[in-house]
Amino acid sequence: MSEVTVVGLGPMGSAMAAAFLAAGHEVAVWNRTASKADALVDKGARRAGSAADGDLLVVSQTDYPAMYDSLGEARLDGKVVVNLSSGSPAELRAAAAWVAERGGTLVTGGVMVPPPGIGQPGAYTFYSGPEDALDRHAATLQALGAVTYVGADQGLAMTYYQAQLLIFWSSLTSFMHAMALLRRAGVSPMEFLPFARETFTEMGGDGPMGYAKILAEEVAAGVYPGELNSLHMQAVGLRHAVDTLAEAGLETTVPDALRRLFERADAEGRGGEGLGTVIESILKP
């Protein structure tokens, strides 16, 4: 068992501190609003004297500027700072330089579960940065979930994290559009749920409808077969879907943006290729 200092005691940081305690680690806690540490101190945590108190600092705050504010001018010689806050990859790379200037090592992370999922089966976190620094503390960090290392570049963890969230947000928002459309037609969301669930499952599977795998293979090869279902055909179909939403009196901003992207790829001369060709337009905004 080792000691870990958790910096930031919002819902996520508090769940992390509790998970470390449950795993038997010695836990110090620090928050800019000191009273937020009270409940965890009652459970056995130690109140840290400062945000830089300890050799392993696990930071969970609103953003990276909060880390700068919390650590201030403190020296970080020999310390490993594992920052699990959200930001952009460029922000994380700049933060790595900031920590290094103070003598420490930054390992970045993106936690892929909400607070109640911390330490539960299926929980995992993307980590990036110096692998030896992560390896020294991997056994401790396992209390939060599986340790998934993605590379030395400190920006990679957040790139993976944001990529996953793009899938999450856009997929569920499309599901909300679908439920709204059916609701206008008097169909219960629960009546539609089995069909939506099948679509989500099949898209991520290995069968003939496993579009995630198909697209990944096509993008990796740079070839987008469209003989059976061309992008042009799908752009026309998407226009019909947007028209259907508009006729039902529903919000169309996001689906219409998707329609414009499809039509742009078509106008660029790739309408005879498959859906995967849209990534070429995404790569050249």
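Quick notes on the rules
Residues numbered from 1 in each chain as written. Predicted model: local features only at pLDDT ≥ 70, side-chain atom pairs only at ≥ 80, totals over all residues. Heavy atoms only, no water. Pairing = 2+ DSSP bridges. Helix = DSSP H or I, 4+ residues; strand = E, 2+ residues; numbered from the N terminus. Contact = heavy atoms within 4.5 Å. Axes fitted to C-alpha atoms, helices over the stretch in contact; angles between N-to-C directions. UniProt positions renumbered as here; feature names shortened; annotations may be inferred. Buried < 20%, exposed > 50% of the residue type's maximum accessible area, 1.4 Å probe, protein only. Right-handed = clockwise from strand over helix to strand, strands pointing away.

S.K.: Explain the sheet that holds strand β3 (residues 46-47) to me, and be specific about the residues and the numbers.
M.R.: If you walk across this open sheet you meet the eight strands as β3-β2-β1-β4-β5-β6-β7-β8, and the pairing is mixed. Edge positions in the sheet fall to β3 and β8 (146-151), since each of these pairs with one other strand and no more. Alignment of strand β1 (residues 3-7) against strand β2 (residues 26-30), held across five bridges, turns out to be parallel. Residue pairing across strands places V6 opposite V29, the latter belonging to β2. Seen against the sheet, helix α4 (residues 89-101) touches β5 (80-83) and β6 (105-111) and runs at an angle of roughly 150 degrees to β6. Docked against the sheet, helix α5 (residues 131-141) engages β1, β4 (56-59), β5, β6, β7 (124-128) and β8, running at close to 170 degrees with respect to β8.

S.K.: Pulling in residues and values, what's your account of the UniProt feature "domain: NADPH-dependent reductive aminase-like C-terminal" (unreviewed entry) in the protein chain?
M.R.: Under the present numbering, the feature "domain: NADPH-dependent reductive aminase-like C-terminal" (unreviewed entry) in UniProt falls on residues 153-282. Between the C-alpha atoms that bound residues 153-282 the distance is 23 Å, and the span itself is 73% helix and 0% strand.

S.K.: Before we move on, can you summarise the pairing of β7 with the specific residues and values?
M.R.: Every regular strand shows the same layout, with side chains that alternate between the two sheet faces. In terms of burial, β7 is largely enclosed, as four of its five residues are buried. For β6 and β7, the ladder comprises four bridges, and the chain directions are antiparallel. Counterpart to G109 in the pairing with β7 is Y127. Where β7 meets β8, five bridges bridge the pair, whose relative direction is parallel. Among the inter-strand pairings, T125 is bridged to a residue of β8, identified as V147. Considered for its hand, the β-α-β crossover made up of β7, α5 and β8 is right-handed.

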